[in-house]
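# Commentary on secondary and tertiary structure
Listed here are the chains, written in short residue letters.
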Amino acid sequence: MSAFARRGRSAQLAHALEQRLHVARGDRVATFAWNSQRHLELYYGVSGSGAVLHTINPRLFAAQIAYVVNHARDRFVFVDPDLVPVLEPLAAQLSSVEGYVVLCDAAAMPATSLPNAVAYESLIAGMPDDIEWPELDERSVRLRAKIVWHDNVQHQGRKVWRYGMRFVGIPADDWDAI
């Protein structure tokens, strides 16, 4: 799939989150899935809607999954079809979750006891494939500033380290070997 097509499907997801699931800016949307094309679309689509993407490690124990989902207050969980049986016994414990989106088309939708479950392809069907991507807010800018600061600290640390190497008399040619 081309990057342009992936962008369009991500935009469809962003519209579906807003219009069909009524996900608002800042709401948490969880993924309980393996790496796949649809999972990649979630990274861009959820962010494009202004919501927060919360990835849940499928290798966690059931009690850990329940704790993580409830603590984050995820409103929806996007789940791979092969992981649906893992979530079914936990559904009653996931108090903040309003519904589940199974990452498949309607034909591959498994029979499930998950409440308000819908197939991913049905959810995004008919949604526009273009979107105005959100601007960075103050929090995003602060986070970006922290990342830049961290990079600068690492750069300065390397300079200090090199100065120390020079100070103790180790030739510059040997710095990379240490």
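### With respect to the confidence of the model for the protein chain
Of all residues in the protein chain, 72% have pLDDT values of 70 or greater, and the mean over the chain is 82. Counted against residues more than four places away or in other chains, residues 143-153, with its pLDDT under 50, gives zero contacts.

### Structural notes on helix α2 (residues 37-48)
Three- or four-residue spacings in an α-helix give side chains the same orientation, since the helix completes a turn every 3.6 residues. Taking 1.5 Å of rise per residue, twelve residues should cover 16 Å, and α2 covers 17 Å from first to last C-alpha, within 8% of that figure. Listing the buried residues of α2 in full gives His39, Glu41, Leu42, Gly45, Val46 and Gly48. Once α2 ends, the next one or two residues include glycine 50, with phi positive near 90°.

### Brief notes about the side chain of serine 96
Inspection of the secondary structure puts serine 96 in the loop between α4 (84-87) and β4 (99-102). Only 2.9 Å separates the side chain of serine 96 from the backbone oxygen of aspartate 74, close enough to count as a polar contact. Setting aside chain neighbours within four positions, we find serine 96 in contact with Val69, Asn70, Arg73, Asp74 and Arg75.

### A closer look at the pattern of salt bridges
Summed over all chains, the structure comprises six salt bridges. Here arginine 9 makes a salt bridge to glutamate 121, at a shortest N to O gap of 2.6 Å. On the criterion of sequence distance, the pair formed by arginine 9 in helix α1 (residues 3-19) and glutamate 121 in helix α5 (residues 120-124) is long-range, its members being 112 residues apart. Arginine 9 sits in the buried class, given a relative accessible area of 17%.

### Regarding the nonpolar core
If you look at the biggest cluster of nonpolar residues, it comprises 20 residues, and the most contacted ones within it are Phe32, Val79, Leu87 and Tyr100. Among the secondary structure elements, those contributing two or more residues to this core are β1 (28-32), α3 (62-72), β3 (74-79), α4 and β4. It is α3 that provides the largest number of residues to this core, a total of three residues. Once residues lying within four places of it in the same chain are set aside, the contact partners of tyrosine 100 are Val77, Leu87, Ala91, Leu94, Leu114, Pro115, Asn116, Ala117 and Val118. Counting residues in each nonpolar core, the second largest holds 18 residues, with Leu13, Val46, Leu103 and Tyr120 among its members.

### Quick look at a nonpolar patch on the surface
Judged by side-chain polarity, Leu40, Tyr43 and Tyr44 come together as a nonpolar surface patch covering roughly 290 Å² of accessible area. Tracing the backbone shows leucine 40 in helix α2. Using a relative accessible area of 31% as the deciding quantity, one classes leucine 40 as partly exposed.

### Concerning the pairing of strand β2 (residues 52-55)
As judged from the four bridges shared by β1 and β2, these two strands associate in the parallel manner. Bridge pairing in β2 places alanine 30 opposite histidine 54. The handedness of the β1 to β2 crossover, carried by α2, is right-handed.

### Describing the packing of aromatic side chains
Given two aromatic rings, their pairing is described by the distance between the two centres and the angle made by the two planes. Here the structure, examined in full by the defined rule, presents one aromatic pair. When the ring of phenylalanine 78 is compared with that of tyrosine 120, the centres are 6.3 Å apart and the planes differ by 75°; the resulting orientation is edge-to-face. Remark: tyrosine 120 occurs in helix α5 and phenylalanine 78 occurs in strand β3; sequence separation between them is 42 residues. The pair phenylalanine 78 / tyrosine 120 is uniform in exposure class, with both members buried.

Criteria and thresholds
- Residues numbered from 1 in each chain as written.
- Predicted model: local features only at pLDDT ≥ 70, side-chain atom pairs only at ≥ 80, totals over all residues.
- Heavy atoms only, no water.
- pLDDT = per-residue confidence, 0-100.
- Contact = heavy atoms within 4.5 Å.
- Helix = DSSP H or I, 4+ residues; strand = E, 2+ residues; numbered from the N terminus.
- Expected span 1.5 Å × (residues − 1).
- Buried < 20%, exposed > 50% of the residue type's maximum accessible area, 1.4 Å probe, protein only.
- Polar contact = N/O pair within 3.5 Å; in protein donor to acceptor, adjacent residues only side chain to side chain.
- Salt bridge = Lys/Arg side-chain N within 4 Å of Asp/Glu carboxyl O.
- Core = buried A, V, L, I, M, F, W, Y, C linked by side-chain atoms within 4.5 Å.
- Patch = residues over 30% accessible without salt bridge, like charges linked within 9 Å, V, L, I, M, F, W, Y side chains within 5 Å.
- Areas by Shrake-Rupley, 256 points an atom, 1.4 Å probe, with all protein chains shown as cover.
- Pairing = 2+ DSSP bridges.
- Right-handed = clockwise from strand over helix to strand, strands pointing away.
- Phe/Tyr/Trp six-rings, centres within 6.5 Å; stacked < 30°, edge-to-face > 60°.

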